[in-house]
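Okay, here's what each chain looks like letter by letter:
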Amino acid sequence: MKWEGNRESDNVEDRRGDGGGGGGGFGFGGRSIGIGTVVLALIGSYVFGVNPLTMLNLLSGGGGPVPVQQQQQGQPQAHPADRQGKFVSTVLADTEDVWSAIFRAQGASYVKPKLVLFSGSTPTACGTGQSAVGPFYCPGDQKVYIDLSFYRTMEQRFHVNGEFAQAYVIAHEVGHHVQHLSGISDKVDQQRRRASERQGNALSVRLELQADCFAGVWAFHANRARSILEQGDIETALSAATAIGDDALQRQSQGHVVPDSFTHGSSEQRVRWFKRGIESGDTGRCNTFETQQL
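Cut-offs applied
- Residues numbered from 1 in each chain as written.
- Predicted model: local features only at pLDDT ≥ 70, side-chain atom pairs only at ≥ 80, totals over all residues.
- Heavy atoms only, no water.
- Helix = DSSP H or I, 4+ residues; strand = E, 2+ residues; numbered from the N terminus.
- Buried < 20%, exposed > 50% of the residue type's maximum accessible area, 1.4 Å probe, protein only.
- Contact = heavy atoms within 4.5 Å.
- Pairing = 2+ DSSP bridges.
- Axes fitted to C-alpha atoms, helices over the stretch in contact; angles between N-to-C directions.
- Left-handed = near helix turned anticlockwise from the far one by under 90°.
- Nonpolar A, V, L, I, M, F, W, Y, C, P; charged D, E, K, R; others polar.
- Core = buried A, V, L, I, M, F, W, Y, C linked by side-chain atoms within 4.5 Å.
- Phe/Tyr/Trp six-rings, centres within 6.5 Å; stacked < 30°, edge-to-face > 60°.
- Lys NZ or Arg CZ within 6 Å of the ring centre and 35° of its normal.
- Salt bridge = Lys/Arg side-chain N within 4 Å of Asp/Glu carboxyl O.

(A) Representation of the overall build of the chain within the structure. A count of helices and strands for the chain gives 10 helices and 6 strands. Taking all 294 residues of the chain together, 55% fall into the buried category. A separation threshold of at least 6 residues defines the contact pool for the chain, and within that pool the share at least 24 residues apart is 77%.

Below, the structure written as C-alpha cells:
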C-alpha cells in the first residue's frame, strides 16, 4: 500500500503508554448484549485469554453512555512520530478526504471522527475500552479506538499481513461513524430494542456488513484519487475479512458454527460486501437492509 508522504490527520489522540497490555479482536464493540454478543465474548476469552465479563461490559456499551473519566495522560499528539502511528494518521486523513467528498456530493457535511491510539485500556463515552475487544467505534464521543497490538494479533493468530489489511480495519470502524452520522445506527438500535435476540443479531450482521462495504467504498475512491493500491493489497484485505468472519471465529474457538448467533457476518459475506464497495465505489450499493441475500 502506497501511503507515505500523504496528508496526516489532525484528529488523532495518542494515549499509548497510559494503560496496561492487551490482545486483540475486531468489531466486537458497541452492541447490546444478545446471544451473539455472549458467543463473541466467550470467543475472546478463549482465543485471546480475556475475561468474558470484560468483553461483555464493552459489548453492551458499558451499561450505556457514561461520562468520560479524567485521564492521567500527557497532551495527545496530533501527528504521532512512529511509523505505525503515522500510518494510522495517514489512513484516517484519507478516509476524511473520501467521506468529505461523498457527503458534499450529497449536499451534506461530513463531521470528522477522532481516532484514539491507546494501549491496554482507556476511558470512552461507551465505558472502559479494552485492547482485548479490538478496534471499535463509540458513537457517544464519535471516536474510533485502536490498540496497535491488534495488528500483531492479525499477523500472529490470523496470519493476515499487509498494510492495506490494517487500513481496512480502520476504514471499517470509520464506516460505523458514517452510519452514525447518517442515522442508520440509531434506526437499527431502535429496531433491535423491539426485536428478539435472533432478529437483533441479524440486524447487527447487516450493520456490520454495510460497514465492510463502506470500507470498500473508501478504498475505491482513495485509490482513484491517490493510487494507494499495490499488487496483492486487495487480497490481504479479503484475507482479513475472511479471518474475522463469525463462522471462522466460532470454528476456531468452539469447533462448530451457530449461524443464529452471528453478529458480524460470515467470512463469505464479509468478503462479498467489501468487494461490492471496492468494485463500485457506490454507497448506494451498500444497502444491506433491503436485500434478502446477504
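Having seen it, we continue.
(B) Local environment of the pairing of strand E2 (residues 114-117). Alignment of strand E1 (residues 12-14) against E2, held across 3 bridges, turns out to be parallel. Following the sheet pairing, Glu13 is matched in E2 by Val116. By the bridge criterion, 4 bridges tie E2 to strand E6 (residues 143-146) in an arrangement that is parallel. The residue of E6 that forms the bridge with Val116 is Tyr145.

(C) Just the packing of helix H5 (residues 163-182) against helix H7 (residues 197-226), in detail. Taken N-terminus to C-terminus, the directions of H5 and H7 make an angle of 120°; their axes are 7 Å apart at the nearest point. When you trace H5 past H7, the crossing you get is right-handed. Seen from H5, the contacting residues are Phe164, Ala167, Tyr168, Ala171, His172, Gly175, His176, Val178 and Gln179; seen from H7, they are Leu207, Glu208, Gln210, Ala211, Asp212, Phe214, Ala215, Trp218 and Ala219. In the contact of H5 with H7, the residues fall into 11 nonpolar, 5 polar and 2 charged.

(D) Quick look at the nonpolar core. Ranked by size, the top nonpolar core spans 57 residues in total, and within it Met1, Trp99, Tyr151, Phe164, Tyr168 and Trp218 carry the most contacts. Counting only elements with at least two residues in this core, the list comes to helix H3 (83-105), E2, E6, helix H4 (149-156), H5, H7, helix H8 (233-243) and helix H10 (267-280). When sequence neighbours within four positions are dropped, the list of residues in contact with Tyr151 reads Gln84, Val88, Ile146, Gln166, Val169 and Ile170. Listed in part, the 7 residues of the second largest apolar core include Phe118, Cys126, Phe136 and Tyr145.

(E) Just the packing of aromatic side chains, in detail. In this structure the tally under the stated criterion is 10 aromatic pairs. Aromatic rings pair up to connect Trp99, Phe103, Tyr110 and Phe214 into one cluster. One Lys or Arg, Arg276, reaches over the ring of Trp273 and ends 4.2 Å from the middle of that ring.

(F) Fine view of the sheet that holds E6. Pairing is mixed in the open sheet, where 4 strands are placed in the order E1-E2-E6-E5. Because the sheet does not close on itself, it has two edges, and the strands there are E1 and strand E5 (136-138). Averaged over all neighbouring strand pairs, the angle between strand axes comes to 25°, with direction disregarded. Of the strand pairs in this sheet, E5 and E6 are connected by 3 bridges, and their pairing is antiparallel. When the bridges of E6 are listed, Phe136 appears paired with Tyr145. Sheet strands in contact with H3 are E1 and E2, and its direction is about 165° off that of E2.

(G) Fine view of the pattern of salt bridges. Counted under the stated rule, the structure contains 12 salt bridges. Arg83 serves as the salt-bridge partner of Glu4, at 2.9 Å between the closest nitrogen and oxygen. Taken together, the residues Glu4 in the segment before E1 and Arg83 in helix H3 connect sequence positions 79 residues apart. The exposure class of Glu4 is exposed, given its relative accessible area of 56%. Here Glu8 ties to Lys86 by a salt bridge, and the two come within 2.7 Å at their closest N and O atoms. Pair noted here: Glu8 is in the segment before E1 and Lys86 is in helix H3, with a separation of 78 residues, a long-range link.

Just distances and angles here, no functional claims.
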